[in-house]
Amino acid sequence: LDLGATAKAWAADRCAAVVARATGCGTLVSLGGDIAVAGPAPACGWPIQVTDDHRGGKGSDQTVAIFAGGLATSSTTARRWRAGGAERHHIVDPQSGLSAPEIWRTVSVHAQSCLAANTATTAAIIRGASAPSWLESAGLCGRLVALDGSAAYTGRWPEETP
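Thresholds, definitions, all that
Numbering of residues begins from 1 in every chain and follows the order in which that chain's sequence is written. It should be noted that, the model being predicted, local features are given only for residues of pLDDT at least 70 and side-chain atom pairs only at 80 or more, the latter also being counted only at that level, while totals for whole chains, interfaces and linings use all residues. Based on all heavy atoms of the structure, the side-chain values leave hydrogens and waters out of the count. Numbered from the N terminus, helices here are DSSP runs of H or I no shorter than four residues, and strands are runs of E no shorter than two. Type-normalised accessible area, obtained with a 1.4 Å probe on protein chains alone, sets the label of each residue: buried when under 20%, exposed when over 50%, and partly exposed for intermediate values. When checking whether two residues touch, look at their non-hydrogen atoms; a contact exists if any pair is within 4.5 Å. Areas reported as accessible are Shrake-Rupley estimates using a 1.4 Å probe. Residue values count occlusion only from the protein chains shown. Expected helix span is computed as 1.5 Å times (number of residues minus one). For this quantity, the arc is that covered by the directions from the helix axis to the C-beta atoms. We call two strands paired when DSSP finds no fewer than two bridges between them. Any carboxyl oxygen of Asp or Glu that lies within 4 Å of a side-chain nitrogen of Lys or Arg is treated as forming a salt bridge with it. Working definition of a nonpolar core: buried Ala, Val, Leu, Ile, Met, Phe, Trp, Tyr and Cys residues. They are joined through side-chain atoms within 4.5 Å.

**Comments concerning the overall build of the chain**
Then, number 1: Looking only at helices and strands, one finds three helices and ten strands in the chain.
Then, number 2: Starting at the N terminus and ending at the C terminus, the chain contains elements arranged as α-β-β-β-β-β-β-β-β-α-α-β-β.
Then, number 3: Taken across its 162 residues, the chain has 40% of its residues classed as buried.
Then, number 4: Contacts in the chain between residues far apart in sequence, at least 24 positions, make up 52% of those at least 6 positions apart.
Then, number 5: On the chain, roughly 8600 Å² of surface is accessible, and the fraction owed to carbon and sulfur atoms is 57%.

Here you go:
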């Protein structure tokens, strides 16, 4: 349970809805990379750069367009440390109490809300190899980047923008 992450995603959803209602125009809110949109989108959608390397390594990003809902990314590449002779990261497998096994270094999801996207990204990292089929069965659009940098996609992952 990561109340900081879910609260941030929930706040992005609420802020986007409130601002769109108050202004009568399309709104994009990003809180620490958790993105929520509300109201009418631009004709080509809201362009969002999705990356799994905050240093901006070549080939590690994709710009997509979203028209509604939210987009979030969870990653095991940051917030790392050594403990008990092993490298750890911040996403904990609730069954073992240890860092989740690393199958995916980054998972991004587009969903009906930022909160739903955020929750799904963390769950996908914990689910490991079964994450793509789980995201598909939940009807969620995702981009999963493996440790070797290869990417898998689920659902109708947003189209890359020109």
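**Looking at helix 2 (residues 114-127)**
Then, number 1: Taking 1.5 Å of rise per residue, 14 residues should cover 20 Å, and helix 2 covers 20 Å from first to last C-alpha, within 8% of that figure.
Then, number 2: Along helix 2, the residues that are buried comprise Cys114, Ala117, Asn118, Ala120, Thr121, Ala124 and Ile125. The arc enclosing the buried residues of helix 2, seen along the axis, measures out at 165 degrees, which places them on a common side.
Then, number 3: Just past helix 2, the residue Gly128 takes up positive phi, approximately 65 degrees.

**A closer look at the pairing of strand 5 (residues 69-75)**
Taken residue by residue, a regular strand's side chains alternate between the two faces of the sheet.
Then, number 1: Among the seven residues that make up strand 5, six are buried, leaving the element largely enclosed by the rest of the structure.
Then, number 2: Where strand 2 (residues 34-38) meets strand 5, three bridges bridge the pair, whose relative direction is antiparallel. Counted as the bridge partner of Val37 is Gly69 from strand 5.
Then, number 3: Direction of pairing for strand 5 relative to strand 8 (residues 104-111): antiparallel, over a ladder of six bridges. In the strand pairing of strand 8, Leu71 is matched with His110.

**Side note on the pattern of salt bridges**
Then, number 1: For the structure on display, the rule yields one salt bridge.
Then, number 2: With a closest N to O distance of 3.9 Å, Asp34 and Lys8 form a salt bridge. Of the two residues, Asp34 is situated in strand 2 and Lys8 in helix 1 (residues 3-23); the sequence distance between them amounts to 26 residues.
Then, number 3: Overall, Asp34 belongs to the buried group, its relative accessible area being 2%.

**Describing the nonpolar core**
Then, number 1: Counting residues in hydrophobic clusters, the biggest one holds 16 residues, and the most contacted among them are Trp104, Val107, Val109, Leu135, Leu140 and Leu144.
Then, number 2: Put simply, the parts of the chain that give this core at least two residues each are strand 8, helix 2, helix 3 (131-137) and strand 9 (141-146).
Then, number 3: Residues within four places of Leu135 in sequence aside, it is in contact with Val109, Ala120, Ala124, Leu140, Leu144 and Thr154.
Then, number 4: Membership of the second largest hydrophobic core comes to ten residues, among which are Trp46, Ile48, Val64 and Ile66.

Any functional reading would require information that these geometric values do not contain.
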